[in-house]
Amino acid sequence: MATMTELSPTAGKTKHSQDTRVDESLVPKKVLSFCSTRYGIAFIAHFCNFILMAQYAAINISMVAMVNGTNHQSQFNGSTESLPLDALGGSNDEPNSLPAEGSIFGGQHALWERWGPPRERSRLCTLALSGMMLGTFAIILLGGIISQTLGWPFVFYIFGGIGCVYCLLWFVLVYDDPVSHPWISVTEKEYIVSSLAQQVSSRKQPLPFKAMLRSLPLYAICLCSFSHQWLVTILIVYMPTYISSVFNVNIRDNGFLSAFPFIISWVTGILGGQLADFLLTKNFRLVTVRKIATFLGNFPSSVLLVALSYLTPDYITTMTLLIVSCGLTPFCQSGIYINALDIAPRHSSFLMGTSREFGYTAAILTPTVSGFLLSQDPEFGWRNVFLLLFAINLSGLIFYLVFGDAVVQDWAKDRKLTRL
């Protein structure tokens, strides 16, 4: 008679050890970290996300010039008073279009299923994901200048051409797993394979959809991704508009001021991954590290934006709060955005893509809702936008802090059919 028995190599241990520990005797002691194949792949993924975000944001940067055809220069020569809001990164009336980015991030997570040792996942994933912030910085800083000097088509020619060159690097240098990579060292290959021996299975397993639909940790990831994406969209799309409307800064200065916080975000995103893995070496529970990172990437930023709406407009204070708020958001890269690798390593690529797509619905709704609030109440419109952001952000964060987990879920464990 056939029964299903779970293969749980960490049975009898605590949840903490189940999440973070591997058999030390199987792991080589001296393995290159920064100058290694796995970090090289992380840098390539970093560049992938740089191009991805730059091309997405280029649509917003070039929208006005694109609509007005050859009359692009006049749109960038005046003060911001003569520019519609969407020239500065946002629209009060229409949502910005989004590419199907969830599938791309899901594909990248499929790499880390087989390339990311558990104790290095935070730094590898955040190194890859931080490319989004660098791409946003580059396009906000350079998009207006390129459109003004060369014309809006060159924004797409330049970044699209860079993307084509990048594809060649991806096809040549990136492989599915360490075993099939032709240039990886034997020591590094053994280190990665032995580190993941308890999590990676060569056998294909069907997705347990029914169990997923009953999984509160999975709902926690999706809902917190939605609330965090609402925050990120406000910062990316409406920060230039806010600076322009409050201080009447011209578009050249506004481009620099709007871009500067994202270079800070790029740095903090990378450092956040280093901090998360450092805390794991100090015997912090994995779920604690994920929740700390998620809290730091959500709550302080939304509180600062609410505080901003109640302060008397002051240039230095406003820019400081915006920079700090934007700079803290990438901490979530060490939290909810890699949590799928913790709760379901075998299905993390699907879960990552699904949670990202769910989160990006916020990027579709945010411009519409925020634009409506700004148009209905010119005096307190920004305050209403930031208060709504805080309510949504806090709701998603609380749900994650209560129901979030980092233990491999029962429905994600390896199962083997045995006969008695």
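Everything here concerns the structure above.
Conventions and cut-offs
- Residues numbered from 1 in each chain as written.
- Predicted model: local features only at pLDDT ≥ 70, side-chain atom pairs only at ≥ 80, totals over all residues.
- Heavy atoms only, no water.
- Helix = DSSP H or I, 4+ residues; strand = E, 2+ residues; numbered from the N terminus.
- Buried < 20%, exposed > 50% of the residue type's maximum accessible area, 1.4 Å probe, protein only.
- Contact = heavy atoms within 4.5 Å.
- Areas by Shrake-Rupley, 256 points an atom, 1.4 Å probe, with all protein chains shown as cover.
- Core = buried A, V, L, I, M, F, W, Y, C linked by side-chain atoms within 4.5 Å.
- Domains from an automatic or database assignment.
- Salt bridge = Lys/Arg side-chain N within 4 Å of Asp/Glu carboxyl O.
- Phe/Tyr/Trp six-rings, centres within 6.5 Å; stacked < 30°, edge-to-face > 60°.
- Lys NZ or Arg CZ within 6 Å of the ring centre and 35° of its normal.
- Axes fitted to C-alpha atoms, helices over the stretch in contact; angles between N-to-C directions.
- Parallel < 35°, antiparallel > 145°, perpendicular 65-115°, else oblique.
- Left-handed = near helix turned anticlockwise from the far one by under 90°.
- Nonpolar A, V, L, I, M, F, W, Y, C, P; charged D, E, K, R; others polar.
- Patch = residues over 30% accessible without salt bridge, like charges linked within 9 Å, V, L, I, M, F, W, Y side chains within 5 Å.

1. Comments concerning the overall build of the protein chain
Consideration 1: Along the protein chain, the regular secondary structure elements total 17 helices and 2 strands.
Consideration 2: Every one of the 420 residues in the protein chain was classed for burial, and the buried ones make up 53%.
Consideration 3: The long-range fraction of contacts in the protein chain, counting pairs at least 24 apart against all pairs at least 6 apart in sequence, stands at 86%.
Consideration 4: Accessible surface, the protein chain: about 18500 Å² in total, of which carbon and sulfur atoms supply 66%.

2. Description of the nonpolar core
Consideration 1: Counting residues in hydrophobic clusters, the biggest one holds 67 residues, and the most contacted among them are I139, L305, L322 and F386.
Consideration 2: It is helix α11 (residues 216-247) that provides the largest number of residues to this core, a total of 17 residues.
Consideration 3: Both domains that furnish three or more residues to this core are identified here as domain 1 (34-68 + 102-200) and domain 2 (205-414).
Consideration 4: Within the second largest apolar cluster, 21 residues are counted, among which are Y39, I44, W112 and L196.

3. Details of the pattern of salt bridges
Consideration 1: Evaluation of the coordinates by the stated rule reveals 5 salt bridges.
Consideration 2: In this structure, the salt-bridge partner of R38 is E120, at a minimum N-O distance of 2.7 Å. Of this pair, R38 sits in helix α2 (residues 37-61) while E120 is found in the loop between α5 (101-115) and α6 (121-129), placing the two residues 82 residues apart along the sequence. When sorted by exposure, R38 lands in the same class as E120, which is buried.
Consideration 3: Note that R123 and D277 form a salt bridge whose closest N and O atoms lie 2.8 Å from each other.

4. Examining the packing of aromatic side chains
Any aromatic ring pair is given by two values, namely how distant the centres are and how the planes are angled relative to each other.
Consideration 1: Applying the stated rule across the entire model yields 16 aromatic pairs.
Consideration 2: A ring pair is formed by F226 and F358, whose centres lie 5.9 Å apart and whose planes are at 50°; its orientation type is tilted. In this pair, F226 is assigned in helix α11 and F358 in helix α16 (residues 348-376), connecting sequence segments 132 residues apart.
Consideration 3: If you follow R356 out to its NZ or CZ, it ends over the ring of Y337, 4.1 Å from the centre.
Consideration 4: Here the guanidinium or amino end of R383 rests over the ring plane of Y310, the centre of that ring lying 4.1 Å away.

5. As for the packing of helix α7 (residues 131-149) against helix α8 (residues 153-173)
Consideration 1: Between α7 and α8, the least distance of the axes is 8 Å, while the angle of their chain directions is 130°. By the angle between their directions, the pair α7 and α8 is classed as oblique. Like other packed secondary-structure pairs, α7 and α8 cross with a definite hand, here right-handed. Residues I139, G143, I146 and S147 of α7 pack against F154, V155, I158 and F159 of α8.
Consideration 2: Its residues assigned to classes, the contact of α7 with α8 shows 6 nonpolar, 2 polar and no charged.

6. Quick word on the packing of α6 against α7
Consideration 1: Put simply, α6 and α7 touch, their axes get as near as 4 Å, and they point 20° apart. Between α6 and α7, the angle falls in the class roughly parallel. Facing L127, A128 and L129 of α6, the residues of α7 in contact are G131, M132 and M133.
Consideration 2: Of the residues contributing to the contact of α6 with α7, the split by class is 5 nonpolar, 1 polar and no charged.

7. Here we look at a nonpolar patch on the surface
Consideration 1: On the surface, L213, L216, Y219, L223, F358, I398, V402 and F403 cluster together into a nonpolar patch covering about 710 Å² of accessible area.
Consideration 2: When residues of the nonpolar patch are traced back to their parent elements, those giving at least two are α11 and α17 (381-403).

8. Here's the deal with the side chain of E188
Consideration 1: Assignment of secondary structure puts E188 in helix α9 (residues 186-195).
Consideration 2: For E188, a relative accessible area of 4% gives the class buried.

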